[in-house]
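# Understanding the architecture of this molecule
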Amino acid sequence: MQREDMKDLLWFLEVAKEGSFTKAAANLATSQSTLSHTIKQLEARLGVRLLTRTTRSVATTEAGERLFRSILPRFEGIEADLGDLVAFREKPSGTVRLTLSDHALQTTVWPKLSGVLDEYPDVKVELYADNGMRNIVEERFDAGVRLGENVDKDMIAVRIGPDWRLRAVASPKYFARRGRPQVPQDLVGHVCINMRQATLGGFYAWEFEKDGRELRVRVDGQLSFNSSISQVEAAVSGFGIAYVPEDLVEEHIAAGRLQAVLDDWSQPFTGYHLYYPSRRQMSPAMAVIVDALRQRGTI
């Protein structure tokens with residue numbers, strides 16, 4: 001392999017991952033024309049076409065996909081080895097990318113991180129908040145945060161928060177107007193505030209359990225969000241029943257702004273866990289984040 005092939009292969013990987021010359025060029029701080037010319041030169045040297053280009057997208061050919069899958073782990077291994085060298089510095093440094101929900105960010109992750117980041121000024125953290133079930137390997141995240149029961153078995157999982165549950169709540173004004181559901185099935189006849197699941201494309205089916213009986217209810221209403229915090233605000237404003245994390249509504253319930261129903265059907269979830277691939281050696285920056293977030297004491 002010639003020396004220029006190394007850079008060209010790195011650029012090819014970026015285009016293949018992004019599926020776009022525009023995004024890849026921006027990531028690489030180069031022009032689209034330079035990037036396109038470089039890939040064409042690489043294809044010419046190899047004697048095969050690696051990418052199929054259309055006006056709207058870029059995709060790997062069969063040969064390109066084979067090359068992508070072959071060299072990606074090797075370059076990732078080199079990146080990991082270079083990252084390990086940071087351990088020889090006095091202070092950890094580097095960037096850690098996390099995907100998590102807005103609820104996990106607000107209630108669990110940020111309160112813990114905000115207290116330690118001042119100690120590590122060279123550690124950068126990128127937090128991507130949505131309620132999707134992201135593939136952290138394919139989307140190049142260092143780690144993600146999910147409920148323990150949703151973490152894949154091939155991942156390392158570290159508990160970072162206590163168990164919690166969802167509660168069905170609405171304003172007193174709403175219940176005075178529409179009545180109170182007595183069993184989960186009654187929700188079908190109520191105005192509910194929905195949650196759209198980003199990666200699944202559909203609405204979350206509300207999950208209930210009582211005496212070993214599990215129910216999933218698909219509700220309907222005028223409003224839907226991809227944020228639990230926004231759902232709470234809409235419920236307080238009287239737009240319907242929301243099914244949201246308990247810690248977001250405790251103060252509203254105590255103040256009388258919201259009332260809870262179906263509590264006997266709401267069971268705790270296994271708390272939030274930080275998860276990451278087991279095949280990678282942990283970088284010093286990642287070690288700082290894991291240690292900061294780790295749940296300590298009684299769960």
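Everything here concerns the structure above.
In short, a report on the structure. (Residues numbered from 1 in each chain as written. Predicted model: local features only at pLDDT ≥ 70, side-chain atom pairs only at ≥ 80, totals over all residues. Heavy atoms only, no water.)

Next up on the list: the overall build of the chain. Along the backbone of the chain there are nine helices and 14 strands. Along the longest, intermediate and shortest principal axes, the C-alpha atoms of the chain span 75 × 50 × 35 Å. Buried positions account for 42% of the 299 residues belonging to the chain. Counting contacts in the chain only where the partners sit at least 6 residues apart, residues at least 24 apart contribute 73% of the total. Counting only carbon and sulfur atoms, one obtains 49% of the accessible surface of the chain, whose full area is about 16,500 Å². Within the chain, the 40 negative side-chain charges are centred at a point lying 4 Å from the centre of the 38 positive side-chain charges. (Helix = DSSP H or I, 4+ residues; strand = E, 2+ residues; numbered from the N terminus. Buried < 20%, exposed > 50% of the residue type's maximum accessible area, 1.4 Å probe, protein only. Contact = heavy atoms within 4.5 Å. Areas by Shrake-Rupley, 256 points an atom, 1.4 Å probe, with all protein chains shown as cover. Lys, Arg positive; Asp, Glu negative; His and termini not counted. Charge placed at Lys NZ, Arg CZ, Asp CG, Glu CD.)

A separate point is the sheet that holds strand S6 (residues 155-159). Strands in a sheet are paired, the pairing made by backbone hydrogen bonds, and the direction either parallel or antiparallel. Read from one edge to the other, the open sheet built from five strands follows the order S4-S3-S5-S14-S6, with strand pairing classed as mixed. The sheet is open, and its two borders are formed by strand S4 (123-129) and S6, each paired with just one other strand. Strand-to-strand twist in this sheet, taken as the mean axis angle between neighbours without regard to direction, amounts to 25°. Bridge analysis of strand S3 (residues 94-100) against S4 gives seven bridges, and the strand direction is parallel. Following the sheet pairing, Thr 99 is matched in S4 by Tyr 128. (Pairing = 2+ DSSP bridges. Axes fitted to C-alpha atoms, helices over the stretch in contact; angles between N-to-C directions.)

What follows covers the pattern of salt bridges. Tallied over the entire structure, the rule returns twelve salt bridges. A salt bridge links Arg 69 to Glu 65; its shortest N-O distance comes to 2.8 Å. In this pair, Arg 69 and Glu 65 are both assigned in helix H4 (residues 62-84), four residues apart and thus about one turn of the helix distant. Note on Arg 69: relative accessible area 60%, which makes it exposed. We note a salt bridge from Arg 216 to Glu 207, for which the minimum N-O separation is 3.1 Å. Since its relative accessible area comes to 56%, Arg 216 is described here as exposed. Taking the relative accessible area as the measure of exposure, Glu 207 reaches 31% and is therefore partly exposed. A network of salt bridges, in which partner residues are shared, links Arg 165, Arg 167, Glu 246 and Asp 263. (Salt bridge = Lys/Arg side-chain N within 4 Å of Asp/Glu carboxyl O.)

What follows is about the pairing of strand S8 (residues 192-195). Looking along a regular strand, one sees the side chains alternate between the two faces of the sheet. The two faces of S8 match: Cys 192 and Asn 194 on one face and Ile 193 and Met 195 on the other face are all buried. Where S8 and strand S12 (residues 241-245) come together, two bridges link them in parallel fashion. Directly across from Ile 193, in S12, lies its bridge partner Ala 242. In the sheet, S8 pairs with strand S11 (residues 224-225) via two bridges, with the strands oriented parallel. Residue pairing across strands places Met 195 opposite Phe 225, the latter belonging to S11.

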